[in-house]
Amino acid sequence: MKQPLGVLFATFLCFAASLATLFSAGVLAASCQLPEHPRIGLVLSGGGAKGSAHIGVLKVLEEERIPIHAIAGTSMGSLVGGAYSAGLSAQELDRRVTQVDWSDLFDDDPPRKDWPERRKESSAVAKWNFSLGVHDGQVRLPTGAISGQKVQLFFNDLVKGVETTFDFDRLPIPFRAVATNLENGEMKVFDQGPLPVAMRASMAVPGVFAPMEWQDHIYVDGGLVRNLPVDVARSMGVDVIIAVNLGSGYLPRDKLGSIFGVTGQMIAILTEQNVKVSLGELRKGCDLLILPDLGDISSSDFNRAKEAIATGEVAASKVRRELRRFSLSKAEYAAWKAERFGPGDPVRRVGDVRIAGLTRVNSAVFDELVESQEHQPLEREQLVDDIQSLYGRGDFERISYRFQPQRDGSDLLIVDAVEKAWGPGYIGLGLGFSNDNLGDSRFGLRATYDQTWINRLGAEWSNALTVGNAPRLYSEFYQPLSLDRALFVAPYVDVGTSPESVFIGDQRVARYDLTRLRLGADLGTNIADIEARVGLYYGQSEMNLDTGSTELPEGRSTDSGLRARLLYDTLDSVAAPRSGLRVSLETLSPLKAMGADVDYTRAFLKATAAHSFGANTMAGTLKAGTSFGAEMLYQDQFPLGGFLQLSGYANDQFRGNDMAFAGLAFYRQIASLPPPLGRGLYLGASLEAGWVDDGVLQSQSQRRDADITLNDGETRYGGSFFFGSDTWLGPAYLGVGLSGEGDSTIYVLIGNH
């Protein structure tokens, strides 16, 4: 029976298609012939916080019993890949990455309470959390916003099970980390060395993290040259590649209006161009590409690690069928896994200890660390605490540690202390502004210069200059008499001018320009968190009447004498403390025996305590001052009034020879800021009560009955509602003050504690 022509033609087409399918399959089989158990290479791309998705992929690989024989990773891919190669299972990686406090990890400094007393006191002068350096007479910039101090210590702990393995081929799973040589732009493939160093170098995003210096080379993020290192994994002798590409994408046009947006786009362009080349190296039908859909999770969203991990699981689950061609039996996979995952072999006992990298800092400051570790069982937590305590001195860009096996079987502990390349001189800048909207406004630009390690005992020269309507210059030479600063001498000069108002009741009746000069030298000691100092000083004050009655006193006075101060400080922040205690006791005694015009003793006590529960903080302040019955010069009388010092009243509206004050503030952190931008934004309220005795100002006539009574000695009340911020630009507050008498005003403070 004859077939219609159309049917014959259709049959021919089906036959031809079948032949083509068989032919193409044969070609593919010829180009991708795999052994029964192929060696599988895993390629993990960079992507910042998106890299947590790699952990989700690893979870699925483990569920499908896929053995990995080699890993190549870039940036965050090197973190996940390096940890997996070191013997951490996907489940353990999930736990470590989701439980770590990333905001704290990116804040290089240890808590403020652990800083040396001198650095704590320096932080009381509000300035931008950014400094310029002076090295060999040249001004230098830091090499990155984040040094990566805590990040590298985290890496050390993460892969401690292989901390004595130098050859990456001898890791539980052979590994390669990709970085970029900043000096010549070439790709650097780390196949040996300390694993934390390789991981840290691979993720040194330019401008964000400081570059990693290792063996006389400078390295930054590997994404610039090979964000998806397919060729690197292929060179490790694998048969097939499983590649996980997170994709960086390009920024939209509306994000390109700043230097940060342009810089980010330049990095994205370089990254995407090399990724395209790497994708072209994957063999279609043989290698496997996994593409997690991260949605709106950005490269900086480290606090969304759980979500990122979930996207990796979803993406890998979509290709389970393709993955199963590589699956081992349950018994085979259990045996493979048992050989590679577990606690490893961390160092348990330290041999010798070597401090490497010091050029300026006296190596003796590390003596306590050396003594606590050398030829002792390793106390890892103590080691990290000692390192962070030393880092808190402010002299180092980074301090990390590594181990090196010795021929005698011991493990040499090497502490790499990288001094700040932009030191030892540091320039700080700041802005101060305050306005009570009742006639008192102060503003000034601040500049500080600190020269460190002037000699082997760690002498420092500190200078602070304020230019504005309250100019001031302070300079101090701080000379420790021992490295532990148990005893020190500190000569200083302090000169400045400030506008001072005189109130009678709630009326401003005069304004003075007060100029003060003090030359002195202190002898002091540091014990734990306490600094105590006492010293002699020469002082002069000059009151020049700007506006007001000519009956008001003017002129110059000498107040040379003795001063002392006791300071205890464990606050976590001066601007918006959330924990800790700060207590200061200061006494000032002008002495006629030293040429002063008057004799009296002025004592002032101030205590601030803060405690937090969740995002909420309660902070209390107590102040007390007395002249022990003496009549003090007007400029030395205790002022009260202003924001959080009897809110609702003018700044320093009340003065007297004795005073007492108590304030209680509640504030809630409504937003946290990632380091190094700052700590947070706050909303709060306060209640305050204060008492000042009868304030008196001597008249020009010098007659006792002509003295002017400024305010009555009574208890006054105030309160406020405020918005505050603690950022790298310093503290800032916008507050509404309410006095107990029903008056109100608005306060604006920037850069003032």
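How each quantity is defined
- Residues numbered from 1 in each chain as written.
- Predicted model: local features only at pLDDT ≥ 70, side-chain atom pairs only at ≥ 80, totals over all residues.
- Heavy atoms only, no water.
- Helix = DSSP H or I, 4+ residues; strand = E, 2+ residues; numbered from the N terminus.
- Buried < 20%, exposed > 50% of the residue type's maximum accessible area, 1.4 Å probe, protein only.
- Contact = heavy atoms within 4.5 Å.
- Areas by Shrake-Rupley, 256 points an atom, 1.4 Å probe, with all protein chains shown as cover.
- Lys, Arg positive; Asp, Glu negative; His and termini not counted.
- Charge placed at Lys NZ, Arg CZ, Asp CG, Glu CD.
- 1 Å grid on protein atoms, 1.4 Å probe; cavity = no way out; pocket = protein on both sides within 12 Å on 5 of 7 lines; lining within 4 Å.
- Points joined across faces, edges and corners; volume = space filled by probe spheres on them.
- Nonpolar A, V, L, I, M, F, W, Y, C, P; charged D, E, K, R; others polar.
- Domains from an automatic or database assignment.
- Salt bridge = Lys/Arg side-chain N within 4 Å of Asp/Glu carboxyl O.
- Phe/Tyr/Trp six-rings, centres within 6.5 Å; stacked < 30°, edge-to-face > 60°.
- Lys NZ or Arg CZ within 6 Å of the ring centre and 35° of its normal.

- By the naming in an unreviewed UniProt entry, the protein is Patatin, taken from Thiorhodococcus drewsii AZ1.

1. Brief notes about the overall build of the protein
- Helix and strand counts for the protein stand at 16 helices and 36 strands.
- Here the C-alpha coordinates of the protein stretch approximately 140 × 75 × 45 Å along the principal axes.
- A total of 753 residues make up the protein; the buried ones form 49% of that total.
- Counting only contacts in the protein whose residues sit at least 6 apart along the sequence, the fraction spanning at least 24 positions is 65%.
- A total of about 34400 Å² of accessible surface is found on the protein, and carbon and sulfur atoms cover 57% of it.
- Of the side chains in the protein, 72 bear a positive and 92 a negative charge, and the two mean positions are spaced by 7 Å.

2. A closer look at the layout of surface pockets
- Considered as a void within the structure, the second largest pocket measures approximately 760 Å³ in volume.
- Looking at the second largest pocket, it is lined by 23 residues, and the ones nearest its centre are Pro116, Glu368, Ser389, Arg393 and Asp484.
- Only helix H6 (117-123), helix H15 (367-373), helix H16 (380-391) and strand E21 (507-527) provide two or more residues apiece to the lining of the second largest pocket.
- Counted by class, the lining of the second largest pocket contains 10 nonpolar, 2 polar and 11 charged residues.
- Structurally, the lining of the second largest pocket is a two-domain feature, drawing no fewer than three residues from each of domain 2 (350-419) and domain 3 (425-694 + 712-750).

3. Let's talk about the pattern of salt bridges
- Here the structure, examined in full by the defined rule, presents 48 salt bridges.
- Among the ionic pairs, Asp231 bridges to Arg226, the shortest N-O distance being 3.1 Å.

4. Thoughts on the packing of aromatic side chains
- A full pass over the atoms with the stated rule returns 25 aromatic pairs.
- Between Tyr449 and Trp461, the aromatic rings sit 6.4 Å apart at their centres with planes inclined by 80°, giving edge-to-face as the arrangement. One end of the pair, Tyr449, is in strand E17 (residues 441-451); the other, Trp461, is in strand E18 (residues 460-468), and 12 residues separate them in sequence.
- Feature note: the residues Trp102, Phe106, Phe154, Phe155, Phe209 and Phe302 constitute an aromatic cluster, connected by ring pairs.
- Arg119 extends its terminal NZ or CZ atom over the ring of Trp115, reaching a point 3.8 Å from the ring centre.
- Lys420 extends its terminal NZ or CZ atom over the ring of Tyr426, reaching a point 5.3 Å from the ring centre.

5. Section: helix H4 (residues 90-99)
- Among all positions in H4, only Ala90, Leu93, Asp94, Arg96 and Val97 are buried.
- In the core, the buried residues of H4 are packed alongside helix H2 (53-63), helix H3 (76-85), helix H5 (102-105), helix H7 (149-158) and helix H12 (305-317).

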